[in-house]
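Descriptive analysis of the structure
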Amino acid sequence: MRVLHLCTLLSAAGLAAAGQHLPRRNYTTHDYYAVHISPSTSPQELASHLGLTYDGPLTSLAEHHVFKAPKHDNDIIDDAAQELKRRRRKREPGLESHPLDSVQFTQKQKLNPRHWKRSVIPQSPDRAVPPVTDAIKAQREVANKLQIKDPIFEEQWHLFNVKTPGNDINITDVWMQGITGKGVTACVVDDGLDYDSADLKDNFFAEGSYDYNDHEDLPTPKLSDDRHGTRCAGEIAAGRNNACGVGLAYDAKISGVRILSGDISDLDEALAINYAMQKNFIYSCSWGPPDDGKTMQAPGILIKKAMVTAVQQGRGGKGSIYVFAAGNGAASDDNCNFDGYTNSIYSITVGAIDKNNNHPYYSEACSAQLVVTYSSGSGDSIHTTDVGANKCTGQHGGTSAAGPIGVGVYALLLEARPDLTWRDVQWLTVLTAVQFDQPSDWTKAATGKMFSHQFGYGKLDAWAIVEKAKDWELVKPQAWYWSPWMHVKKPIPEGDHGLASVFEVTADMLKEANFERVEHITLTMNVDHQRRGDILVQLHSPSGMVSHLSTARRDDEAAIGYEDWTFMSVAHWGESGIGNWTVIVKDVITGNMKKGVFIDWRLRLWGECIDAAKAKLLPMPTIHEDDDHDKIDDHPAHTTVVSVPAGTRPTMTAIPADHPDRPVNQKPSQTQAISQTQATSQTQATSQTQATSQTQANGEQTAAPTTSSLPSENFLPNPFPTFGVSKRTQIWIYGAVALIILFIAGLGTYLFIAHRKRLRESRDSYEFEVLDDVEDREDTGMLGAAASKKKRARRGGELYDAFAGESDEDLLSDDEGDEGPYRDRDGERYNEKFEVEGSDDASSASSAGKRQ
Ligand SMILES: *[C@@H]1O[C@H](CO)[C@@H](O)[C@H](O)[C@H]1NC(C)=O
Ligand SMILES: *[C@@H]1O[C@H](CO)[C@@H](O)[C@H](O)[C@H]1NC(C)=O
Ligand SMILES: *[C@@H]1O[C@H](CO)[C@@H](O)[C@H](O)[C@H]1NC(C)=O
């Protein structure tokens, strides 16, 4: 028995060490379980106890293993757990310890619908624009010097634009320096990669490739529409040869992992997303949940763990680079913050602009979008390699085509500086992206760079980022600060008002957390609502920067709100984080009788640490992370519930030339929305200020040049600190502080008039009106519904306490948070997670029930 164990153990270890694969899975005949087992029990022991077959370790995830059993309706592990619990209740002897006690997490695998590829239907070519003669000459010189003879190089305007010079990735001077991607491997996670293509075969890297749809070694495109991955691969690393064009990193290696050609389990996706993470440096992901304007979906916990593992251990510990296409749902009001892949802090979200620097109708905006680059629109698309021995296409487009251009740029960056960590790559992106002349909600961020929800920090510039990297000092390790849960539990007013809740981050909190400055922020929240598409969420930082975390969606009819959904923003990059963070929830659709309640929220700041010696590695995400919802800690005093007047649905500015009748999904400026209502509000001081504010002229969006040219001198006398921010920001800070204090203290309106001058030009002033006590539990009917929903969740939770060893009282007093099976609204209870330790994060759980 023991010998047998040892043998299996050794062979399993050998499998993992050699990077070998688990036995080929067949979901038609078998069920698969991904199980996290603490080392006290061997997987073999557990397998024999439960009558399962042990397939081997879940390669990259520590202590995770794969088991299988012939197909069966029940969840064998879940059933065994319940049985054990029942017997323990009856106090049967001999059950003090049990192999099941070492199970930390288990998930019976189910096949999820395949992800959406982010390409768009090609547009008809526009009237031929004559090329600029000088530019053609320059392009030919470059091609001669670099010996580029690729037949379609001259069509590859994203590399060298001869029709609108300057509207390209600005790469040729990087190539001239000999930086062409040598020594770097990028992996296209997609629908396959045609490694027989003359343009790709020399750079193809088989060792980094796999097919998780057909469970084969090579990612062969097989379906008739398996062209997407090959096209993306061509953009990144098509060779300098006689076939088609060149990739941005034409001397890089390219691998392919196939996942988009069929339904896929979380287990297989988790294996795919950090496949060969020591050899694949960058993962190119031009796909995601449906961009239909009504889906809200995040990766499952296994996939999240796989991404965190890659970021912590991949690329020799420097961290794998994830690049995700922002999404193509802008025309359906979709927003990349409803997609848990694009809004992960570990992924770089790349949106699209077209060859005229216009916002293409499809490219989604969101506060998590870091950068944009070229893709289809205004009558042209991206020209690249296609499936076939020597086949090219001029029809590659959507954010699908933008992401791989980012990947190509990062391949060059990593050749120049292989030591950059995943966060350095994001920093360099923020600092070198180029703002361009296009109306949007450009706002000056703490780094001094302009940010727009539509374009992130601007467009990628290959030359600028590589130059900046050359003498870049690596950032210190990551630190984080998590606020307690802020309990609001108030109905959200419709239309004119919003609910605001404030949390103050103090210097001491951040010092204690070894936290120096902000990079990403995430905000996890619960909102119950009868129509999710009505809700809009903003976050105002202490320096006055506004993140539009969520926007209303006309087609999102889901009769739920947000359940432990985590939004992300990169708009606060470089801020200190100290001061009041205000989250505002609005219901912008009036008159549809659909109401909601803002339950709670939690802010997380992620950024650079103060003292590298004290830095820790983030523990793996668990499904209990947000379990402490209803724990009342010593912080609730910092929560203030206020109501804030709000405008109605925002309107757009930029209309792209090729879609004159289609509104672009541009995000409003907070100022605009608020001022519309305030013009009629009795708070004249505020409305007058805003009327004169330069950002408000004619209700137009702030044009970049105006906002960027602000002087940054002190606007108050010396004793007042400037926070090292611009005058306008100081004004906002002091303005907002003044307003809050005034209202809370209940002082009269005359004080407002006294402050009128101070408020002038204030970008984001708004009126706070204090409502009742935060902890007031007099709830509406909605909240009652919420409560009963949570009770259901608790009942579900009971099933699992065999492992947790908790009493029923514990379970009842503890909160849900870990949903898993119980959040599955379709009642299709496939038992996604049960865990002893910690927790799945809600977002993934709620997603499970939503995939159709
Ligand atoms: C799974 O097994 C079934 C039944 O043996 C077989 O028909 C099918 O081809 C197998 N599928 C795969 C992907 O191996
Ligand atoms: C492009 O690269 C050149 C260096 O070759 C640089 O001088 C220039 O500022 C970059 N940007 C643009 C938009 O040309
Ligand atoms: C934050 O807001 C509270 C009131 O909610 C106020 O008392 C406090 O002074 C503010 N802190 C800062 C740093 O503005």
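The model shown is predicted, which means the values in this text are computed figures rather than measured ones. (Residues numbered from 1 in each chain as written. Chains lettered and ligands numbered in written order. Predicted model: local features only at pLDDT ≥ 70, side-chain atom pairs only at ≥ 80, totals over all residues. Heavy atoms only, no water.)

Some words on the state of the cysteines
Selection criterion: Throughout, disulfides are identified as pairs of cysteine sulfur atoms within 2.5 Å of each other. Each helix is a run of H or I in the DSSP string that is no shorter than four residues. Each strand is a run of E no shorter than two, and both are numbered from the N terminus. Throughout this description, buried means an accessible area under 20% of the type-specific maximum (1.4 Å probe, protein chains only), exposed means over 50%, and partly exposed covers the range between.
Considering all chains together, one arrives at two disulfides under this definition. The disulfide bridge from cysteine 244 ends at cysteine 392, spanning 2.1 Å between sulfur atoms. For the disulfide bridge between cysteine 244 and cysteine 392, the dihedral angle about the S-S bond is near -100°, and by the sign convention the bridge is left-handed. In this pair, cysteine 244 sits in the loop between α6 (228-237) and β8 (253-258) while cysteine 392 sits in strand β15 (residues 391-396), placing the two residues 148 residues apart along the sequence. The class for cysteine 244 is buried, based on a relative accessible area of 0%. Residue class for cysteine 392 comes out partly exposed when judged on its relative accessible area of 31%. Across the disulfide, cysteine 336 is cross-linked to cysteine 366 (sulfur-sulfur distance 2.2 Å). Negative torsions about the S-S bond denote left-handed disulfides, and the value of about -105° found for cysteine 336 with cysteine 366 makes this one left-handed. Linking cysteine 336 in the loop between β11 (321-325) and β12 (347-353) with cysteine 366 in the loop between β12 and β13 (371-374), this pair joins segments that are 30 residues apart in sequence. Taken individually, cysteine 336 and cysteine 366 each receive the classification buried, so the pair is uniform in this respect. Of note for the chain: the bonded cysteines, numbered N- to C-terminal, pair according to 1-4, 2-3. Residue cysteine 285 stays outside any disulfide, its sulfur separated by 8.0 Å from that of cysteine 187, the closest cysteine.

Overview of the site of ligand 1
Basically, it comes down to this: Note on definitions. A residue lies near a molecule or strand when any single heavy atom of the residue is within 4 Å of it. As used in this structure description, the phrase polar contact means that two N or O atoms lie within 3.5 Å; if the pair is within protein, one of them must be able to donate a hydrogen and the other to accept it, and residues adjacent in sequence are counted only when both atoms belong to side chains. The Shrake-Rupley method, run with a 1.4 Å probe, gives the accessible areas here. Residue values count only the displayed protein chains as cover.
The full set of residues close to ligand 1 is Arg24, Asn26 and Thr29. Separating an oxygen atom of ligand 1 from a side-chain N or O atom of arginine 24 is a distance of 3.4 Å. The contact in question runs from an oxygen atom of ligand 1 to an N or O atom on the side chain of asparagine 26, over 2.2 Å. Computed on the free molecule, ligand 1 has an accessible area of 360 Å², of which 38% lies beneath the protein chains in the complex.

A look at the pattern of salt bridges
A side chain with one charge can pair with a side chain of the opposite charge if their charged atoms come near. For the record, the criterion: The working definition used for a salt bridge is a side-chain nitrogen of Lys or Arg within 4 Å of a carboxyl oxygen of Asp or Glu.
Summed over all chains, the structure comprises 35 salt bridges. A salt bridge links aspartate 191 to lysine 117; its shortest N-O distance comes to 2.8 Å. Pair noted here: aspartate 191 is in the loop between β6 (185-190) and β7 (210-211) and lysine 117 is in strand β5 (residues 116-117), with a separation of 74 residues, a long-range link. Judged by relative accessible area, aspartate 191 falls into the buried class, the value being 0%. Residue lysine 117 is classed as partly exposed on the basis of its relative accessible area of 21%. Notably, a salt bridge pairs arginine 553 with aspartate 556, separated by 2.9 Å at the nearest N-O pair. Among the residues examined, arginine 553 registers a relative accessible area of 1% and is labelled buried. With a relative accessible area of 1%, aspartate 556 lands in the buried category.

Re the packing of helix α10 (residues 422-432) against helix α11 (residues 462-470)
To keep things clear, this is the line we draw: Helix axes are fitted only over the stretch in contact, all axes being lines through C-alpha atoms; the angle between N-to-C directions runs from 0 to 180 degrees. When an angle is under 35 degrees it counts as roughly parallel; over 145 it counts as roughly antiparallel; between 65 and 115 it counts as roughly perpendicular; any other value is oblique. Each helix crossing is assigned a hand: it is left-handed if the near helix lies turned anticlockwise from the far helix by less than a right angle, otherwise right-handed if that turn is clockwise. Only heavy atoms enter the contact rule, under which two residues are in contact if any of them lie within 4.5 Å. Asp, Glu, Lys and Arg are counted as charged, while Ala, Val, Leu, Ile, Met, Phe, Trp, Tyr, Cys and Pro are counted as nonpolar; the rest, among them Gly, fall into the polar class.
The geometry of α10 relative to α11 is characterised by a closest axis approach of 9 Å and an angle of 120° between their N-to-C directions. Put simply, α10 runs oblique to α11. You can see that α10 and α11 cross each other, and the crossing is right-handed. Of α11, the residues touching α10 (which contributes Leu428, Thr429, Leu431 and Thr432) are Ala464, Ile465, Lys468 and Ala469. A per-class count over the contact of α10 with α11 returns five nonpolar, two polar and one charged.

With respect to the UniProt feature "active site" (unreviewed entry) in the chain
Which entries qualify depends on this criterion: UniProt positions are given in the numbering used here, feature names are shortened, and annotations may be inferred rather than shown by experiment.
As recorded in UniProt, the sites labelled "active site" (unreviewed entry) are Asp190, His228 and Ser400. Spanning 211 residues, the named residues form one tight spatial group whose C-alpha atoms are at most 10.4 Å apart. Along the chain, histidine 228 turns up in helix α6. For histidine 228, a relative accessible area of 5% translates into the label buried. If we ignore the near neighbours within four places in the chain, the residues touching histidine 228 are Lys117, Arg118, Ser119, Asp190, Asp191, Leu260, Ser286, His396 and Ser400. You can see serine 400 is positioned in helix α9 (residues 399-416).

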